[in-house]
Amino acid sequence: MRFRPNRVPALMLLAAAAWLATAPPAASQEGGFKPPWLVNEREISWQIGADYPAAQRDSAVRGYVVLNFRVREDSTVDPASVSVRASSNPAFVAPATGLVPLMRFAPAQLGGRPAAAWITHSLSFELQRPLPAGQRPAPSDEGTYEVSLIEERPEVLDRERMARQIEARFPRALRDGVISAAVVVRFRIMENGTVDPASPRVDVTTDPRFDEAAISVIRQARFRPAKVNGRPVKAWVTIPIHFQNPASAPAEASLADPPAG
């Protein structure tokens with residue numbers, strides 16, 4: 001079953017971190033490199049809903065798959081390059097890898113020209129069940145709402161600051177051998193937009209050595225709080241943190257080679 005924009009699935013997909021990264025990335029100051037970014041996110045979100053594994057859908061089981069692949073200069077993905085870095089449940093691996101050929105990216109830019117680039121990309125499988133008519137959302141525990149029941153989702157207040165923190169927390173001891181890593185973190189955002197410092201936990205990781213750095217980034221993040229019925233509420237959210245080695249210069253040759261680590 002493939003994307004049909006005139007059909008609405010009975011279960012609506014929640015694309016993790018869609019509210020976190022809604023704008024294309026800015027070019028880095030070093031070398032004028034701009035990484036690829038997904039341009040057909042809405043189509044992919046619909047397709048995730050269509051390809052959601054039946055057993056996991058029926059049980060409302062969420063999952064995450066972290067993929068690595070090469071985006072070519074023409075914005076398509078090299079199908080031979082796709083590999084799975086990590087997954088929370090093997091049942092989600094096949095539908096996730098099956099979605100990759102449907103993805104379309106704005107290609108990487110190097111010196112103002114399109115370039116091939118390796119990227120790490122996370123796909124989130126999380127379903128939102130529509131509430132019955134007249135029923136209001138209710139918190140899941142300790143007055144905290146799941147993101148699937150939130151009317152106004154939280155938003156990062158300073159994406160650029162968060163991006164700088166992610167870069168700064170790339171472990172220095174790993175900069176000679178690791179190019180990238182991804183850590184999916186679940187945490188609670190309080191009514192004032194701060195993160196409950198005791199709440200972050202790692203759901204999926206491609207390299208446990210980055211887990212502490214990812215949790216540190218999350219604890220210092222600030223959000224516009226979630227809202228239900230117009231008032232701020234506590235909310236559980238899950239987002240991926242992607243680490244890219246700041247020491248790996250984006251040169252033409254390195255962009256065409258498989259990543260290490």
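Scroll up to find the structure.
Below, the structure is looked at part by part.

What counts, and at which threshold
Residues numbered from 1 in each chain as written. Predicted model: local features only at pLDDT ≥ 70, side-chain atom pairs only at ≥ 80, totals over all residues. Heavy atoms only, no water. Helix = DSSP H or I, 4+ residues; strand = E, 2+ residues; numbered from the N terminus. Buried < 20%, exposed > 50% of the residue type's maximum accessible area, 1.4 Å probe, protein only. Contact = heavy atoms within 4.5 Å. Areas by Shrake-Rupley, 256 points an atom, 1.4 Å probe, with all protein chains shown as cover. Salt bridge = Lys/Arg side-chain N within 4 Å of Asp/Glu carboxyl O. Phe/Tyr/Trp six-rings, centres within 6.5 Å; stacked < 30°, edge-to-face > 60°. Core = buried A, V, L, I, M, F, W, Y, C linked by side-chain atoms within 4.5 Å. Pairing = 2+ DSSP bridges. Axes fitted to C-alpha atoms, helices over the stretch in contact; angles between N-to-C directions.

## A few points about the overall build of the protein
When helices and strands are counted, the protein shows six helices and 17 strands. In the protein, which comprises 261 residues, the share counted as buried stands at 46%. Residue pairs in contact within the protein that sit at least 24 positions apart in sequence constitute 78% of those at least 6 positions apart. Within the structure as shown, the protein displays about 12,900 Å² of accessible surface, and the carbon and sulfur contribution to it stands at 51%.

## Thoughts on the environment of Gly 143
In this structure, Gly 143 sits in the loop between strand 10 (127-128) and strand 11 (144-146). Overall, Gly 143 belongs to the partly exposed group, its relative accessible area being 36%. Sequence-wise, Gly 143 and Ala 235 are 92 residues apart; in three dimensions their C-alpha atoms are separated by 8.6 Å.

## Focus on the pattern of salt bridges
As a working rule, side chains carrying opposite charge can pair if their charged atoms are close by. A complete count under the given rule lists five salt bridges for this structure. The closest approach of N and O atoms between Glu 155 and Arg 224, which form a salt bridge, is 2.7 Å. Taken together, the residues Glu 155 in strand 12 (residues 155-156) and Arg 224 in strand 15 (residues 223-224) connect sequence positions 69 residues apart. Note on Glu 155: relative accessible area 33%, which makes it partly exposed. Arg 224 sits in the partly exposed class, given a relative accessible area of 43%. Put simply, Arg 209 and Asp 207 hold a salt bridge, and the shortest N to O gap is 2.8 Å. Overall, the relative accessible area of 9% leaves Asp 207 in the buried class. Each of Arg 62, Arg 201 and Asp 203 takes part in one network of salt bridges that share partners.

## A look at the packing of aromatic side chains
Evaluated as defined, the whole model comprises seven aromatic pairs. Note on Phe 92 and Phe 125: the rings are 4.8 Å apart at their centroids and 40 degrees apart in plane angle, and the pair reads as tilted. You can see Phe 92 sitting in the loop between strand 5 (83-87) and helix 3 (93-99) and its partner Phe 125 sitting in strand 9 (residues 117-125), a full 33 residues away along the chain. The buried category is assigned to Phe 92, whose relative accessible area is 0%. Judged by relative accessible area, which is 0%, Phe 125 ranks as buried.

## Here we look at the nonpolar core
Grouped together as the largest cluster of nonpolar side chains are 30 residues, with contacts concentrated most on Met 162, Phe 187, Phe 210, Ile 218, Phe 223, Ile 241 and Phe 243. Elements that contribute at least two residues to this core include exactly helix 4 (159-168), strand 13 (180-189), helix 5 (211-220), strand 16 (226-228) and strand 17 (231-244). Here this core gets six residues from one element, more than from any other, and that element is strand 17. Apart from the residues lying within four places of it in its own chain, the contact partners of Ile 241 are Met 162, Ile 166, Ala 181, Ala 182, Val 183, Ala 214 and Ile 218. Ranked by size, the runner-up nonpolar core spans 18 residues in total, among them Ile 44, Tyr 52, Phe 69 and Phe 125.

## Details of the sheet that holds strand 9
What the three strands build is an open sheet, ordered 5-4-9; its pairing is antiparallel. Of all the strands in the sheet, the pair left with one neighbour each is strand 5 and strand 9. Averaged over all pairs of adjacent strands, the angle between strand axes in this sheet comes to 25 degrees, irrespective of strand direction. Pairing of strand 4 (residues 63-71) with strand 5 involves four bridges; the strand directions are antiparallel.

## Quick notes on the side chain of Gln 165
Here Gln 165 lies in helix 4. The contact partners of Gln 165, leaving out residues within four places of it in the chain, are Val 217 and Gln 220.

## A word on the sheet that holds strand 7 (residues 108-110)
Read from one edge of the open sheet, three strands run 2-7-8, paired in antiparallel fashion. Among the strands making up the open sheet, the edge pair consists of strand 2 (33-34) and strand 8 (113-115). When strand 2 meets strand 7, the two strands line up antiparallel, connected through two bridges. In the strand pairing of strand 7, Lys 34 is matched with Gln 109.

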